[in-house]
Amino acid sequence: QKILTDRIGRIEVSATMAVTAEAAKLRAQGAKLVDFGAGEPHFATPRHIKDAAIAAIDGNFTRYTVVSGIPEVRKAIVDRHEQDFGSSFAIDEAVFTTGGKLALFNALQVLVEHGDEVILPVPYWVSYKDIIQYGGGKPVYLGTEEAENFRISAEAVERLITPRTKAIILNSPSNPAGSVIAPADLERIVRLAHQRSVYLILDECYIYLQYNGALVSGASFTETKEHVIVAGSLSKSYAMTGWRAGFALGPKPIIAAMSKLQSQSTSSTAAFVQKAAIAALTGPQECVAEMRADYLKLRDQVLAGLATIPGLTCTIPEGAFYVYPNVSAYLGRPGSQTALELASRLLHEAHVVTVPGEAFGTREHIRLSYAVTHGDVDEGIARMKEFFANLG
Ligand code: PLP
């Protein structure tokens, strides 16, 4: 007798969470790990955000709220996005969600029908594929070139559009490579999606962690906005991963459908988290810039360290907090046939946590998160250097 549904059989446990679990086991045995695995800020949530949550709890703001989030938090989301990117969303075109992940999950569940195709550039963040498949959709992979910094062009997207294409997912800056879509490419893709009536799902979880150039959102091109859905998150920019605070912005009927789905699953996010989010979005933004400045230093420190390891090559990430070195020089040998095996050995032999490229759709890379202390970068690089030297 079959116990579980077909749909749950279509997805796997998030590969990054699997790595976290393996690392936790080693840690429990007393191993001192350098953790480049977890994709989360090492910073504490800024004081004024914590204070807003504490005040909300003390003031008994601890009950159910409207499912899509109190009007004040939706206004804060809409205003922040308009101020930073020139977008123009109304309050009922915003929904506050339990993390950016739920915004992506709900957007895809309300848009994707069985057999629908969703274009997904490679390398991709682990969860997109499974979320698409859970809804019965089919990921259609868009290959990119490492030599071109994993660039995504409108021409390449257009070649993959078929009558079954429902959506395109773009993530800039990206997890895992930290690549940024050039504004001109982004504008062309937004227009293309609009012309072809394909929804563009923009994962903007790292949009504030960009090192060069002006911050541009696909929703900045307001005349094409009826095909644009933004999935945003406070997790990375405000060091709030555990608060589960994210949002979606998009056309009213889609946002209403996402709220309906939320009404039958999580309901609203925690009431006091909404108050914290208001403090984050409307309060001083220096904390974001300060953290970004440190990530940039960390990036340069990691890149300089990796450059001292013979055989490794690495694109220069323009945002987020990941590097995605190519380790192909060390693959295809006994004990390290694949990046998966290599990452496992790095964990067990050097006590350095990384995530193998297989999780992101490539076979020749490992991902390192540099949202760690500068001391950890030095220690982790030293261990990697020794590990790779012994591999020969
Ligand atoms: N999108 C990307 C690319 C991510 O890396 C993450 C988290 O790692 C998320 C979305 C989800 O973030 P959260 O649910 O914490 O907002």
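Fair warning: this is a prediction, and the values are worked out from it, not measured in the lab.

*Asks:* What exactly am I supposed to notice about the overall build of the chain here?
*Replies:* Counting its regular elements, the chain contains 13 helices and 12 strands. A compact globule built from 392 residues should have a C-alpha radius of gyration of about 21 Å, and the chain, at 21 Å, falls within 12% of that. For the chain, the spread of C-alpha atoms along the principal axes amounts to about 60 × 55 × 55 Å. At a minimum sequence separation of 6, the contacts of the chain that also span at least 24 residues come to 72%.

*Asks:* How do you make sense of helix 4 (residues 71-85) when you look at a structure like this?
*Replies:* Every α-helical turn comprises 3.6 residues, leaving residues that sit three or four positions apart pointing alike. Over its 15 residues, helix 4 runs 21 Å from end to end, which matches the ideal 21 Å to within 8%, given 1.5 Å per residue. For helix 4, the secondary structure elements touched by its buried residues are strand 2 (94-97), strand 8 (246-249) and helix 10 (271-282).

*Asks:* What is the right way to look at the UniProt feature "domain: Aminotransferase class I/classII large" (unreviewed entry) in the chain in this model?
*Replies:* Taking the numbering used here, the UniProt-annotated feature "domain: Aminotransferase class I/classII large" (unreviewed entry) corresponds to residues 32-383. Taken end to end, residues 32-383 is 39% helix and 14% strand, and its first and last C-alpha atoms sit 12 Å apart.

*Asks:* When you look at the domain arrangement of the chain in this model, what are you seeing that I'm missing?
*Replies:* Interfaces are often sized by the amount of accessible area the parts lose when they come together. Domain assignment breaks the chain into domain 1 (6-44 + 287-391) and domain 2 (48-282). One C-alpha centre belongs to domain 1, the other to domain 2, and the line joining them spans 25 Å. Listed per partner, the contact involves 34 residues of domain 1 and 31 residues of domain 2. Of all the secondary-structure elements, those providing two or more residues to the side of domain 1 that touches domain 2 are helix 2 (15-28), helix 11 (286-307) and strand 9 (322-323).

*Asks:* Just to check I follow, could you spell out the nonpolar core for this structure?
*Replies:* Considering soluble globular proteins, one finds that nonpolar side chains tend to be buried as a cluster. Among the nonpolar cores identified, the biggest contains 116 residues, and Leu200, Ala248 and Ala277 are the most heavily contacted of them. Broken down by element, the residue count for this core peaks at eight residues, all from helix 10. No fewer than three residues from each of domain 1 (6-44 + 287-391) and domain 2 (48-282) sit in this core. The residues contacting Ala248, other than those within four sequence positions of it, are Val95, Thr97, Ala103, Ala107, Ile229, Val230, Ala231, Ile255 and Met258.

*Asks:* I tried to follow the pairing of strand 4 (residues 138-142) on my own but got confused; where do I start?
*Replies:* Looking along a regular strand, one sees side chains alternate from face to face of the sheet. Pairing of strand 3 (residues 117-121) with strand 4 involves five bridges; the strand directions are parallel. Among the inter-strand pairings, Glu117 is bridged to a residue of strand 4, identified as Lys138. Handedness of the β-α-β unit built from strand 3, helix 6 (residues 126-134) and strand 4 comes out right-handed.

*Asks:* Quick question: what am I supposed to make of the sheet that holds strand 7 (residues 228-233) here?
*Replies:* Within a sheet, each strand pairs with its neighbour through backbone hydrogen bonds, oriented either parallel or antiparallel. Strand order in the open sheet made by the seven strands is 2-8-7-6-5-3-4, with mixed pairing throughout. Pairing within the sheet leaves two strands with one partner each, and these edge strands are strand 2 and strand 4. Averaged over all adjacent pairs, the angle separating strand axes in this sheet is 20°, with direction ignored. Its contacts with the sheet put helix 9 (residues 252-263) on strand 2, strand 7 and strand 8, and the angle it makes with strand 2 is roughly 30°.

*Asks:* Looking at this structure, I do not really get the environment of Leu249. What am I missing?
*Replies:* Its location among the elements puts Leu249 in strand 8. For Leu249, a count of 28 C-beta atoms within 10 Å gives the class buried. Sequence separation of Leu249 and Glu93 is 156 residues, and the distance between their C-alpha atoms is 5.6 Å. Leu249 has contacts with Ile77, His81, Phe89, Glu93, Ala94, Ala219, Val230 and Gly232, leaving out every residue within four places of it along the chain.

*Asks:* Honestly, the sheet that holds strand 11 (residues 355-356) in this entry has me stumped. Any pointers?
*Replies:* Judged by pairing direction, the sheet is antiparallel, and its three strands sit side by side in the order 9-12-11 without closing on themselves. The sheet terminates laterally at strand 9 and strand 11, the two strands that pair on one side only. Where strand 9 meets strand 12 (residues 366-369), two bridges bridge the pair, whose relative direction is antiparallel. Bridge pairing in strand 12 places Tyr322 opposite Ser369.

*Asks:* Would you mind showing me how to read the environment of Ala271 here?
*Replies:* With respect to the secondary-structure elements, Ala271 resides in helix 10. Taking C-alpha positions, Ala271 is 23 Å from Lys252, a pair spaced 19 residues apart along the chain. Each residue touching Ala271, except ones within four places of it in the same chain, is listed here: Ala56, Phe61, Thr62, Arg63 and Thr65.

*Asks:* How should the site of the ligand be read in this particular structure?
*Replies:* With respect to spatial proximity, 13 residues lie near the ligand, and among them Gly99, Gly100, Lys101, Ser233 and Ser235 are the closest. Residue contributions to the shell around the ligand peak at three residues, all from helix 5 (residues 99-111).

*Asks:* Got a minute to help me understand the packing of helix 5 against helix 9 in this structure?
*Replies:* The description of two packed helices rests on the angle between their axes and on the distance between the axes. Packing of helix 5 against helix 9 brings their axes to within 9 Å, and their N-to-C directions diverge by 110°. Taken together, the axes of helix 5 and helix 9 lie roughly perpendicular to each other. Touching Asn106, Ala107, Gln109 and Val110 of helix 5 are Ile254, Ala257, Met258, Leu261 and Gln262, all from helix 9. Its residues assigned to classes, the contact of helix 5 with helix 9 comprises six nonpolar, three polar and no charged.

Cut-offs applied
Residues numbered from 1 in each chain as written. Predicted model: local features only at pLDDT ≥ 70, side-chain atom pairs only at ≥ 80, totals over all residues. Helix = DSSP H or I, 4+ residues; strand = E, 2+ residues; numbered from the N terminus. Rg over C-alpha atoms; globule rule 2.2 N^0.38 Å. Contact = placed C-beta atoms within 7 Å. Expected span 1.5 Å × (residues − 1). UniProt positions renumbered as here; feature names shortened; annotations may be inferred. Domains from an automatic or database assignment. Core = buried A, V, L, I, M, F, W, Y, C linked by C-beta atoms within 7 Å. Buried ≥ 20, exposed ≤ 12 C-beta atoms within 10 Å, placed from the backbone. Pairing = 2+ DSSP bridges. Right-handed = clockwise from strand over helix to strand, strands pointing away. Axes fitted to C-alpha atoms, helices over the stretch in contact; angles between N-to-C directions. Near = placed C-beta within 6 Å. Parallel < 35°, antiparallel > 145°, perpendicular 65-115°, else oblique. Nonpolar A, V, L, I, M, F, W, Y, C, P; charged D, E, K, R; others polar.

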